[in-house]
Amino acid sequence: MSGLALWPEQASAYAAEVDRLVLGVTVLIVLLSAPVFVLIVAFAVKYRRGRAADRSHQVNRRVGLEVSWAVIPFVLLIGFYVWAARLFFDAHSPPADAIEIQVLAKQWMWKFQHAGGQREINELHVPAGQPVRLTMASQDVIHSLYVPALRLKQDVVPGRYTTLWFNADRPGAYALECAEFCGADHAAMGGHLVVLTPTEYAAWLEKSGVDESLAAQGARLFRSHGCSGCHAAAATVHAPPLEGLFGRPVPLQDGSLVTADEQYIRDSILLPQAQLAAGYPPIMPTFRNVLSEDEVLRLVAYIKSLAADAPERPR
Ligand code: CUA
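Per chain, residues are indexed from 1 in the order of the written sequence. Reporting in this predicted model follows two pLDDT cut-offs: at least 70 for local features of residues, and 80 or more for side-chain atom pairs to be given and counted; totals over whole chains, interfaces and linings ignore these cut-offs and use all residues. With hydrogens and water stripped out, all remaining heavy atoms of the structure feed into the side-chain values.

Draft legend 1. Looking closely at the layout of surface pockets. Think of a 1 Å grid over just the protein atoms. A cavity is a set of points where a 1.4 Å probe fits yet cannot get out, a pocket is an open set with protein on both sides within 12 Å along at least five of seven lines, and lining residues have an atom within 4 Å of a point. Grid points are joined across faces, edges and corners, and a volume is the space filled by probe spheres set on the points. By volume, the largest pocket is sized at about 860 Å³. Lining the largest pocket are 39 residues, with His231, Pro240, Leu242, Tyr264 and Ala277 sitting closest to its centre. Only DSSP runs of H or I reaching four residues or more are called helices, and only runs of E reaching two or more are called strands; each is numbered from the N terminus. Where the lining of the largest pocket is concerned, the elements lending two or more residues are α5 (227-231), β11 (249-251), α6 (262-270) and α7 (293-308). Here the nonpolar group is Ala, Val, Leu, Ile, Met, Phe, Trp, Tyr, Cys and Pro; Asp, Glu, Lys and Arg are the charged ones; every other residue, Gly included, is treated as polar. When its residues are assigned to classes, the lining of the largest pocket shows 30 nonpolar, six polar and three charged. Taken as a whole, the second largest pocket encloses approximately 360 Å³ of empty space. Along the wall of the second largest pocket there are 16 residues; nearest its centre are Tyr14, Ala91, His92, Leu152 and Lys153.

Draft legend 2. How the structure looks around the pairing of strand β9 (residues 172-178). In this scheme, strands are said to pair when DSSP sees at least two bridges between them. Where strand β6 (residues 143-147) meets β9, two bridges bridge the pair, whose relative direction is antiparallel. Along β9, the bridge assignment pairs Tyr146 with Glu177. Pairing of β9 with strand β10 (residues 190-196) involves six bridges; the strand directions are antiparallel. Across the sheet, the residue bridging to Ala173 is Val194, located in β10.

Draft legend 3. View of the pairing of strand β1 (residues 99-106). Buried residues dominate β1, accounting for seven of its eight residues. Where β1 meets strand β5 (residues 132-138), seven bridges bridge the pair, whose relative direction is parallel. Among the inter-strand pairings, Ile101 is bridged to a residue of β5, identified as Leu134. Bridge analysis of β1 against strand β2 (residues 109-114) gives six bridges, and the strand direction is antiparallel. Bridging across to β2, Ala105 finds its partner in Trp110. Linking β1 back to β2 in an antiparallel pair, the connection comprises two residues. For each residue, the accessible area found with a 1.4 Å probe, counting protein chains only, is set against the maximum for its type, and the residue is called buried under 20%, exposed over 50%, and partly exposed in between.

Draft legend 4. Highlighting the pattern of salt bridges. Whenever a carboxyl oxygen of Asp or Glu lies within 4 Å of a side-chain nitrogen of Lys or Arg, that contact is scored as a salt bridge. With the rule as written, the count across this model stands at 11 salt bridges. A salt bridge links Asp267 to Arg266; the shortest N-O distance between them is 3.5 Å. Taken as a pair, Asp267 and Arg266 share a single burial class, namely buried. In this structure, Asp294 engages Arg298 in a salt bridge whose closest nitrogen and oxygen atoms are separated by 3.3 Å. Here Asp294 and its partner Arg298 are both found in helix α7, four residues apart, which amounts to about one turn of the helix. Here Asp294 and Arg298 have matching classes, each one buried.

Draft legend 5. Seen up close, the nonpolar core. In terms of nonpolar packing, the biggest core is built from 34 residues, with Trp110, Leu124, Leu134, Phe166 and Leu193 touching the most fellow members. Contact partners of Leu124, with chain neighbours within four places excluded, come to Ile101, Phe112, His114, Leu134, Phe166, Leu176, His192, Leu193 and Val194. Nine residue types can take part in a nonpolar core, namely buried Ala, Val, Leu, Ile, Met, Phe, Trp, Tyr and Cys, and a core is a set of them joined through side-chain atoms within 4.5 Å. Tyr161, Val250, Ala277 and Val300 belong to the second-largest nonpolar core, a separate cluster that totals 26 residues. Working rule for contacts: check all heavy atoms of both residues, and any pair within 4.5 Å makes them a contact.

Draft legend 6. Spotlight on the confidence of the model for the chain. Per residue, pLDDT captures the predictor's confidence, and it can take any value from 0 to 100. Put simply, the chain has an average pLDDT of 84, and 96% of its residues get 70 or more. Confidence, read as mean pLDDT per element, is least for α5 in the chain (73) and greatest for β6 (94).

Draft legend 7. View of the packing of aromatic side chains. The criterion for an aromatic pair is that two Phe, Tyr or Trp rings (for Trp, the six-membered ring) have centres within 6.5 Å, with stacked assigned to planes under 30 degrees apart, edge-to-face to planes over 60 apart and tilted to the rest. On inspection of all chains with the given rule, the structure shows four aromatic pairs. An angle of 15 degrees between the planes, with centres 6.3 Å apart, marks the rings of Tyr201 and Trp204 as stacked. Residue Tyr201 and its partner Trp204 are both found in helix α3 (residues 198-207); the two are separated by three residues, about one turn of the helix. Residues Tyr201 and Trp204 agree in their burial class; the two are buried. We count a charge as sitting over a ring when the NZ of a lysine or the CZ of an arginine lies within 6 Å of the ring centre and within 35 degrees of the ring normal. Taking NZ or CZ as reference, Lys153 lies 5.0 Å from the ring centre of Tyr146, over its face. When the ring centre of Tyr161 is taken as reference, the NZ or CZ atom of Arg266 above it lies at 5.9 Å.

Draft legend 8. Structural detail: the domain arrangement of the chain. Assigned domains within the chain: domain 1 (9-28 + 64-210) and domain 2 (214-305). Summarising the inter-unit geometry, the C-alpha centres of domain 1 and domain 2 are found 29 Å apart. Linking domain 1 with domain 2 are three salt bridges. Definition of a polar contact: a pair of N or O atoms within 3.5 Å, with one able to donate and the other able to accept a hydrogen when the atoms are protein atoms, and with sequence-neighbouring residues admitted only if both atoms are side-chain atoms. For the pair domain 1 and domain 2, the number of links is seven residue pairs in polar contact (both at pLDDT 80 or more). Put simply, the parts of the chain that give the side of domain 1 that touches domain 2 at least two residues each are β1, β2 and β5. Domain start and end points were adopted from an automatic or database domain assignment.

Draft legend 9. Quick look at the side chain of Arg266. Looking at where Arg266 falls in the secondary structure, it is placed in helix α6. Separated by 3.5 Å, the side chains of Arg266 and Asp267 make a polar contact. When near neighbours in sequence (up to four residues on either side) are disregarded, Arg266 contacts Gly159, Arg160, Tyr161, Glu293, Val296 and Val300.

Below you can see the structure in the form of structure tokens.
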């Protein structure tokens, strides 16, 4: 796609496939609609007033022809539907081995936090050829993370987590923008996605290294805000154990079953009465005006880290 730049550059195989889909749909639509316009003009000329054309109307019933011009476009369009649906599901199914990065949007900046505790503002460094999954929270209003080179855009909405995953395989720096009007400096709320080779990325992590991983920072909050008083193994209060919680199904008091994902943990911290785990008294206080979204993200990282070293337990 050099020469006339109709599209932004492509940073992933997914972006290339989105472009092929758009091009394919465009070609199909032109092929299906162009004959209509060509014939309108041709008939207008052929049957214009005063022209000695044959205007008798012969009934011509060729069933095969009539069926074909309904069925062929239908099959072609279904083909595109399947293609587009596959891309959609792909964009919403992050692989399990994706690198986790936390994103906090606020007026007017993007804050990115890596699992090792590295943080950066308006710049996101990722390794090429490895899937990356973003868990995104907003501290104030709706923002939208948009990376044209990835052909991906996802709203970041206050009160919930949204996610986005990608596998950028071409090293380089790509524009990263906010695509939702969010106030006076919306237009300035952007930066770069910097795709590095795995070696460069390892060096970058090393250089930007901090003492504490995100999970360790979360563990510190867990103690300083008194969570450990009830949730620690030795606590006398009857609170749900958090070891091995992440990713498991949790039976609720109303009989339903939810999966303990990032959103569940966030809601349990900020809106504890909204979803009570079955068999536990409703004694958990809300931390809504105590913890910032940033701190909740770190607690989520900590509770997630407890999943790995948990003993198998019966449900
Ligand atoms: Cu944030 Cu626009």
